[in-house]
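# Reading the structure
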Amino acid sequence: MRIANLDNRAVLVVGDPGDERAVDIATASDGRFGPDLPSVFASWDEVRAWAAEVDPAGTTTTAIDRTRLGAPSPAPRQVFAIGLNYREHAAESGMEAPTHLPPVFTKYVSSFSGPDTEVVIPDGGNVDWEVELVAVIGRQGYRIAETDAWSHVAGLTVGQDISERVAQMRGPAPQFGLAKSFPGFAPQGPWLVTPDEFADPDDLELGCRIDGEEVQRGRTREMIFPVPALIAALSENVTLYPGDVIFTGTPAGVGMGRDPQRYLQPGETLDTWIEGIGELHQRFVAAS
């Protein structure tokens, strides 16, 4: 199952890649579910059961304008971002790979956007890219067993943890959350895909290109802490709620780790993909 945020309404996504269409969940369910995404996640098991019986041929569908798509979980109670979760990225960052729990910080919801956007480069900033698999929680849990973790996941989507490195590294201590939360710095989408849609949700290719030049490529099987381990570890400390968002870390290839370092420039386009989900497209512009 695929769901999306179309004009702040929850929709089922049907059709083949490149020819996706939307089924409005509130309309098709006669008001039982929706219309927004938070209420869909709050009734996730019931929505899944209902959606399994929906016949797209017997429902009204509309074409999807990607510019009207928002983040698949636009109003989470909690946003978790994971650092140093790929060994080669830890190495290019000059840090040791974590052995117990990777660094956890947040991206503020005001940075959320949909898949196709224009992003302003802050004055004096060094703006970097970080492709990430994003998991959205569908079932509340505390101290979730790793073996049960996938049953708490509503779905997976594509994310970018766009980062402004000057603000991030300005002392006396790094400012991860603020430096990674400028407007538009957390594009996600184009839709949320349930784990059962993948042959192996723990092994997906992900990557990104700048103006057609590949700068990152990896596989999620390379994570030090895969999605179930992250959910188990996070839920040892906090309760996870439906709609919560987890950015799971980035593979090697970021601009800060290059020699010489490279950062996004006005006029450049960043295209990001994850196998079996889709793509994001961001165009960068100078601050006016």
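That block above? That's the structure.
A short tour of the structure in this document, coming up. Per chain, the residues get numbers from 1 upward, laid out in the order the sequence is written. Predicted model: local features are reported for residues with pLDDT of at least 70 only, side-chain atom pairs are reported and counted for 80 or more only, and whole-chain, interface and lining totals are derived from all residues. No hydrogens and no water enter the side-chain calculation; it runs on all heavy atoms of the structure.

### Some points on the overall build of the chain
For the chain, the count of helices and strands is 7 helices and 19 strands. As a reference, a globule follows 2.2 Å times the number of residues to the power 0.38, and the radius of gyration itself is taken over C-alpha atoms. For 288 residues, the compact-globule formula gives about 19 Å, and the C-alpha radius of gyration of the chain, at 18 Å, lands near that figure. Counting over 288 residues, the chain shows a buried share of 55%. When checking whether two residues touch, look at their non-hydrogen atoms; a contact exists if any pair is within 4.5 Å. Summarising the internal contacts of the chain: among those between residues at least 6 apart in sequence, 75% fall at separations of at least 24. Computed with a 1.4 Å probe, the accessible areas rest on the Shrake-Rupley method; for each residue, only the protein chains presented here act as cover. Accessible area for the chain stands at about 12,300 Å²; split by element, carbon and sulfur atoms hold 48% of it. Charged residues are defined here as Lys and Arg on the positive side and Asp and Glu on the negative side; His and the ends of the chain fall outside this count. Note on charges: their place is set at NZ of Lys, CZ of Arg, CG of Asp or CD of Glu. Averaging the positions of the 22 positive and the 42 negative side-chain charges in the chain gives two centres separated by 2 Å. Secondary structure counts use DSSP, requiring at least four H or I residues in a row for a helix and at least two E residues in a row for a strand, with both numbered from the N terminus. Classification of residues uses two cut-offs on accessible area relative to the type maximum, computed with a 1.4 Å probe and protein chains only: under 20% is buried, over 50% is exposed, and between them is partly exposed.

### Re the pattern of salt bridges
Any carboxyl oxygen of Asp or Glu that lies within 4 Å of a side-chain nitrogen of Lys or Arg is treated as forming a salt bridge with it. Counted by the stated rule, this structure contains 20 salt bridges. Notably, a salt bridge pairs Glu-213 with Arg-262, separated by 3.0 Å at the nearest N-O pair. With Glu-213 in strand S16 (residues 213–219) and Arg-262 in the loop between strand S17 (245–247) and strand S18 (269–274), this pair connects stretches of sequence that are 49 residues apart. Residue class for Glu-213 comes out partly exposed when judged on its relative accessible area of 40%. Here the salt bridges do not stand alone but share partners, grouping Lys-107, Asp-128, Glu-130, Asp-161, Arg-165 and Lys-180 into one network.

### Notes on helix H7 (residues 227–234)
Counting buried positions along H7 yields 7 of 8 residues, so the element is predominantly enclosed. Along H7, the residues classified as buried are Val-227, Pro-228, Ala-229, Leu-230, Ile-231, Ala-232 and Leu-234. Buried-residue contacts for H7 involve strand S6 (79–82), strand S7 (104–105), strand S11 (131–137), strand S12 (153–160) and S17.

### Considerations on the pairing of S12
Of all 8 residues that make up S12, 8 are buried, and the element is covered over most of its length. Note that S11 and S12 share 7 bridges and pair antiparallel. Note that in S12 the partner of Val-136 across the bridge is Gly-155. In this description, strands pair whenever DSSP reports at least two bridges between them. Pairing analysis gives 3 bridges linking S12 to strand S14 (residues 186–193), with the strands arranged antiparallel. The partner of Gly-159 across the bridge, within S14, is Gln-188.

### Remarks on the pairing of strand S19 (residues 278–286)
Pairing of strand S9 (residues 116–121) with S19, which is carried by 6 bridges, proceeds in the parallel orientation. Residue pairing for S19: Thr-117 is matched across the bridge by Gln-282. Bridge analysis of S18 against S19 gives 6 bridges, and the strand direction is antiparallel. The residue bridging Ile-274 from the neighbouring strand is Gly-278, located in S19. Between S18 and S19, which pair antiparallel and follow one another directly, the connecting turn spans 3 residues, one of which, Gly-276, has a positive phi of 80°.

### Some thoughts on the nonpolar core
Take the buried residues of types Ala, Val, Leu, Ile, Met, Phe, Trp, Tyr and Cys, join any two whose side-chain atoms come within 4.5 Å, and each joined set is a nonpolar core. If you look at the biggest cluster of nonpolar residues, it comprises 50 residues, and the most contacted ones within it are Leu-133, Leu-156, Ile-231, Ile-277 and Phe-284. Here this core gets 5 residues from one element, more than from any other, and that element is H7. Listed in part, the 28 residues of the second largest apolar core include Leu-12, Ala-81, Phe-105 and Val-134.

### Focus: the packing of aromatic side chains
Remark: the centre distance and the inter-plane angle together describe each pair of aromatic rings, the angle taken between the planes. Note on aromatic contacts: the rings of Phe and Tyr and the six-membered ring of Trp form a pair at centre separations within 6.5 Å, being stacked when their planes are under 30 degrees apart, edge-to-face when over 60 apart, and tilted otherwise. Here the structure, examined in full by the defined rule, presents 4 aromatic pairs. Relative to Trp-44, the ring of Phe-41 has its centre 5.7 Å away and its plane inclined at 35°; by these criteria the two rings are tilted. One exposure class covers both Phe-41 and Trp-44, and it is buried. Positioned over the ring face of Trp-191 is Arg-2, at 5.9 Å from the centre of the ring. In our convention, an over-ring charge means Lys NZ or Arg CZ found within 6 Å of a ring centre and within 35 degrees of that ring's normal. Lying across the ring of Tyr-241, Arg-77 places its NZ or CZ 4.0 Å from the centre.

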